[in-house]
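Residue-level listing of the chains:
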Amino acid sequence: MSATPPVDRLAGILETFRFQAQLHHSGPLCGLTTFDAGSGHAYLHVLRRGQLEVSHPGSRELPPSMHFDVPTLLFYPRPLTHRFHNPPRDGADFTCARLDFDGGIAHPLVRGLPSLIALPLTRIAGLEMALALLFSETDQVRCGQRLLANRLFEVVVIQLLRWLLDHPQEAGIHPGFITGLSDPRLSRALVAIHDFPGKPWTLTRMAERAGMSRTVFANSFRERVGQTPADYLADWRIALAQRGLRQGKPIKILADELGYANASALSRVFTARTGNSPRQWLKQSSDGGNET
């Protein structure tokens, strides 16, 4: 019997819920530099040389102050005010990008990550080549420099996400989306749900896709993902419905695509899980309200 082929745990997510990087800074930073959550951006910072003191004013999730003295990658997956404190002269050398995730804080990967991931560059295998290209582009001004740097930052993010899927405990990731995908058997069911959300997924069918019994699958899923398979499926479908609404798709079409009997059935689930009807949610989203 041939071995089960590996599944791509990231492709379906990142093709459905995209993200973009934009070069923000390259070079020394001296004195106090603030990255305000009010800008609405996530950030990826690469400390190339020097030392860094970073503070998180008002944050209940992160230490008030952190110190780094080796080349380090700092990934803030959602907007959070942070400040870099550097010597007034000979400050630390950085390459930084702003990140925008489709759906903002509702992006599945963003919701599954802690407020900050800080890792020495040497910890993430395979990052050297992408960083060498990135530094080469940001060290001198050439035609297409910013465009190419943006794409290279996106490559670095994908490589980081790969590493996180294989080392969730080391990165301090709590039970959720990432830890579920890190499990070889659960990931087969999760990827199938992501790729074919409109299928009539029962607990039995999900367990079969994972190659597990119903009981073992349900218990493992709850332990690793932090919710039941049925709740996860509903949340995934609603996330896709929100994306479709932002794109202007009618609720009737979305209901058909996502496996609901009719628009009313989707609307009921949508309202139960978000607290707003699809129409109300879309108006709030268009007005700049928080997405859930």
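To be clear, the structure that these remarks concern was listed above.
Parameters at a glance
Residues numbered from 1 in each chain as written. Predicted model: local features only at pLDDT ≥ 70, side-chain atom pairs only at ≥ 80, totals over all residues. Heavy atoms only, no water. Buried < 20%, exposed > 50% of the residue type's maximum accessible area, 1.4 Å probe, protein only. Helix = DSSP H or I, 4+ residues; strand = E, 2+ residues; numbered from the N terminus. Pairing = 2+ DSSP bridges. Salt bridge = Lys/Arg side-chain N within 4 Å of Asp/Glu carboxyl O. Axes fitted to C-alpha atoms, helices over the stretch in contact; angles between N-to-C directions. Parallel < 35°, antiparallel > 145°, perpendicular 65-115°, else oblique. Left-handed = near helix turned anticlockwise from the far one by under 90°. Contact = heavy atoms within 4.5 Å. Nonpolar A, V, L, I, M, F, W, Y, C, P; charged D, E, K, R; others polar. Phe/Tyr/Trp six-rings, centres within 6.5 Å; stacked < 30°, edge-to-face > 60°. Lys NZ or Arg CZ within 6 Å of the ring centre and 35° of its normal.

Focus: the pairing of strand 3 (residues 42-49)
Then, number 1: Among the eight residues of strand 3, seven are classified as buried, and the element is accordingly described as predominantly covered.
Then, number 2: Pairing geometry for strand 3 and strand 8 (residues 92-101), over seven bridges, is antiparallel. Paired with Tyr 43 across the two strands is Arg 98, which belongs to strand 8.

What about the pattern of salt bridges?
Then, number 1: A full pass over the atoms with the stated rule returns 10 salt bridges.
Then, number 2: Measuring nitrogen to oxygen at the nearest pair gives 2.8 Å for the salt bridge that ties Glu 170 to Arg 123. Taken as a pair, Glu 170 in the loop between helix 4 (145-166) and helix 5 (177-182) and Arg 123 in the loop between strand 9 (117-120) and helix 3 (127-138) lie far apart in primary sequence, 47 residues in all.
Then, number 3: Classification of Glu 170 by relative accessible area gives partly exposed; the value is 43%.

Things to note about the environment of Asp 256
Then, number 1: Structurally, Asp 256 is set in helix 10 (residues 251-257).
Then, number 2: Measuring from C-alpha to C-alpha, the distance between Asp 256 and Asp 139 comes to 50 Å, with 117 residues separating the pair along the chain.

Structural notes on the packing of helix 6 (residues 184-195) against helix 7 (residues 203-210)
Then, number 1: At a closest axis distance of 7 Å, the pairing of helix 6 and helix 7 adopts a crossing angle of 125 degrees. The angle between helix 6 and helix 7 falls in the class oblique. Of the two possible hands of crossing, helix 6 and helix 7 adopt the one that is right-handed. Between helix 6, through Arg 185, Arg 188, Ala 189, Ala 192 and Ile 193, and helix 7, the contact on the second element is made entirely by Met 206, Arg 209 and Ala 210.
Then, number 2: Looking at the contact of helix 6 with helix 7 residue by residue, the classes come out as five nonpolar, no polar and three charged.

Examining the packing of helix 6 against helix 8 (residues 214-225)
When two helices pack together, you describe them by how their axes are tilted relative to each other and by the distance separating the axes.
Then, number 1: Remark: helix 6 packs on helix 8, axes separated minimally by 11 Å, with the N-to-C direction vectors making an angle of 90 degrees. In terms of their interaxial angle, helix 6 and helix 8 are classed as roughly perpendicular. Within the contact between the two elements, helix 6 uses Leu 186, Ala 189 and Leu 190 and helix 8 uses Phe 217, Ser 220, Phe 221 and Arg 224.
Then, number 2: Of the residues that constitute the contact of helix 6 with helix 8, the class distribution is five nonpolar, one polar and one charged.

Considerations on the sheet that holds strand 5 (residues 65-68)
Then, number 1: With antiparallel pairing, four strands are arranged side by side in an open sheet as 2-7-4-5. A strand with exactly one partner marks an edge of an open sheet, and here the two such strands are strand 2 (31-35) and strand 5. Neighbour to neighbour, the strand axes of the sheet diverge by 20 degrees on average, direction disregarded.

Some words on the packing of aromatic side chains
Then, number 1: Considering all chains together, one arrives at nine aromatic pairs under this definition.
Then, number 2: Note on Phe 75 and Phe 101: the rings are 6.5 Å apart at their centroids and 45 degrees apart in plane angle, and the pair reads as tilted. Separated by 26 residues along the polypeptide, Phe 75 in strand 6 (residues 72-76) and Phe 101 in strand 8 bring together distant segments of the chain. For the pair Phe 75 and Phe 101, one class covers both residues: buried.
Then, number 3: On the numbers, 4.9 Å between centres and 25 degrees between planes, the contact of Phe 84 with Phe 94 is stacked. Of this pair, Phe 84 sits in strand 7 (residues 82-86) while Phe 94 sits in strand 8, and the two are 10 residues apart along the sequence.
Then, number 4: Put simply, the rings of Phe 35, Tyr 43, Phe 84 and Phe 94 pair up and form one aromatic cluster.
Then, number 5: Positioned over the ring face of Tyr 260 is Arg 237, at 5.5 Å from the centre of the ring.

Remarks on the sheet that holds strand 1 (residues 19-29)
Then, number 1: The strand order across the open sheet built from five strands is 1-8-3-6-9, with neighbouring strands paired in antiparallel fashion. A strand with exactly one partner marks an edge of an open sheet, and here the two such strands are strand 1 and strand 9. Pairwise comparison of adjacent strand axes, ignoring direction, gives a mean angle of 15 degrees for this sheet.
Then, number 2: Pairing of strand 3 with strand 6, which is carried by five bridges, proceeds in the antiparallel orientation. The partner of Leu 47 across the bridge, within strand 6, is Thr 72.
Then, number 3: Strands in contact with helix 3 are strand 1, strand 3, strand 6 and strand 8; relative to strand 3, the strand with the most contacts, it is inclined by about 90 degrees.
Then, number 4: Docked against the sheet, helix 4 engages strand 1, strand 3, strand 6, strand 8 and strand 9, running at close to 105 degrees with respect to strand 1.

Here's the deal with the side chain of Ser 220
Then, number 1: Note on placement: Ser 220 falls in helix 8.
Then, number 2: Non-local contacts of Ser 220, meaning those with residues more than four positions away in its chain, are made with Leu 186 and Met 212.

Scope: geometric values only; no functional claims are made or implied.
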